[in-house]
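The chain contents come next:
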Amino acid sequence: MFTLPKLLFNPSKLTVCMDESIMDIHYGKHHNAYVTKLNAALKDYPELLNKNILDILLNKDSLPESIKTAVVNNGGGHYNHSFFWEIITDKKTDPSAKLLEQITKDFNSVENLQKEVTAKAMTVFGSGWTWLAYNLKNKKLEIINTANQDIISSTDLKPIFVIDIWEHAYYVKYQNRRLDFLQDFWSIVNWDAISAKFEDCL
Ligand code: MN
């Protein structure tokens, strides 16, 4: 069975983007619904219930046709949100020396990386996610959008950061001001977690 991950931050300590009541809905209702529906879709497939969700999603073409859409949507919702919570913190963090070196090489500065991620996130049409991923082939960081609950499907691209661009992620606090949400988001980003994910790729 899949379960909600434990949050590594205290929602009541966040000063921007989210608070306890928003997390009650976003994590407690939206994310929880993805987990419940994923388990329901897989109830007759115990071998899949014991697998890693990323492995299931990367091999979605081998899923039975009758459950494929439900698993892609709800499994993607579970994987993407679990990833998203991991890169949020209520503490002050900074990129590690190795990540800073890579960011400087590929984007000149952290500030410029943030500008480019924000600009890419502003182009998401409808619902989706904006990722920062490390390309194992050319050894560069790339900014990628995925639609709906799609994950990054290339195994050459290792995600190290993601922002939820579904309206439910920002509408309660920011209404249609997606740019304000994105600009505020940088102050709750967990650079320790992103650095660890990046260094796992090396
Ligand atoms: Mn969401």
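Each remark here, short or long, concerns the structure printed above.
About the cut-offs
Residues numbered from 1 in each chain as written. Predicted model: local features only at pLDDT ≥ 70, side-chain atom pairs only at ≥ 80, totals over all residues. Heavy atoms only, no water. Helix = DSSP H or I, 4+ residues; strand = E, 2+ residues; numbered from the N terminus. Rg over C-alpha atoms; globule rule 2.2 N^0.38 Å. Phe/Tyr/Trp six-rings, centres within 6.5 Å; stacked < 30°, edge-to-face > 60°. Buried < 20%, exposed > 50% of the residue type's maximum accessible area, 1.4 Å probe, protein only. Lys NZ or Arg CZ within 6 Å of the ring centre and 35° of its normal. Core = buried A, V, L, I, M, F, W, Y, C linked by side-chain atoms within 4.5 Å. Contact = heavy atoms within 4.5 Å. Donors = N, O, S within 2.8 Å, 3.2 Å for Na, K, Ca; no water.

### Examining the overall build of the protein
Point 1. Counting its regular elements, the protein contains nine helices and three strands.
Point 2. Traced from its N-terminal end to its C-terminal end, the protein shows the element sequence α-α-α-α-α-α-β-β-β-α-α-α.
Point 3. Here the C-alpha radius of gyration of the protein, 17 Å, is about what a compact globule of 202 residues would show, namely 17 Å.
Point 4. Principal axes of the C-alpha set define a box for the protein whose edges measure 50 × 40 × 30 Å.

### Structural notes on the packing of aromatic side chains
In this description, a pair of aromatic rings is defined by centroid distance and the angle of the planes.
Point 1. Taken as a whole, this structure holds 13 aromatic pairs when the rule is applied.
Point 2. Look at phenylalanine 84 and tryptophan 129: their rings are 5.9 Å apart centre to centre, the planes differ by 80 degrees, and that puts the pair in the edge-to-face class. Note that phenylalanine 84 is positioned in helix 4 (residues 65-86) and tryptophan 129 in strand 1 (residues 128-135), a separation of 45 residues in sequence. The two residues phenylalanine 84 and tryptophan 129 agree in class, both being buried.
Point 3. Grouped by ring-pair contacts, the aromatic residues Tyr27, Phe84, Trp85, Trp129, Phe161, Tyr170, Tyr171, Tyr174, Phe181, Phe185 and Trp186 constitute a single cluster.
Point 4. The ring of phenylalanine 83 has lysine 197 sitting right over it, with the charged end atom 4.2 Å from the ring centre.

### A few points about the nonpolar core
In summary, soluble globular proteins display a tendency toward joint burial of nonpolar side chains.
Point 1. Counting residues in hydrophobic clusters, the biggest one holds 66 residues, and the most contacted among them are Met18, Phe84, Ile88, Phe161 and Phe185.
Point 2. When near neighbours in sequence (up to four residues on either side) are disregarded, methionine 18 contacts Pro11, Met23, Phe84, Trp85, Ile88, Lys173, Phe185 and Ile188.

### Regarding the coordination of the manganese ion
Point 1. Around the manganese ion, the protein contributes the donor atoms His26 (NE2), His81 (NE2), Asp164 (OD) and His168 (NE2), at 1.9 to 2.1 Å from the metal centre.
Point 2. Each donor residue of the manganese ion lies on one chain, and together they are spaced H-x54-H-x82-D-x3-H. One end of the pair, histidine 26, is in helix 1 (residues 20-41); the other, histidine 81, is in helix 4, with 55 residues separating them in the sequence.
Point 3. In this structure histidine 26 comes out as buried when scored by relative accessible area, which is 1%.
Point 4. Histidine 81 gets classed as buried once you look at its relative accessible area, which sits at 0%.

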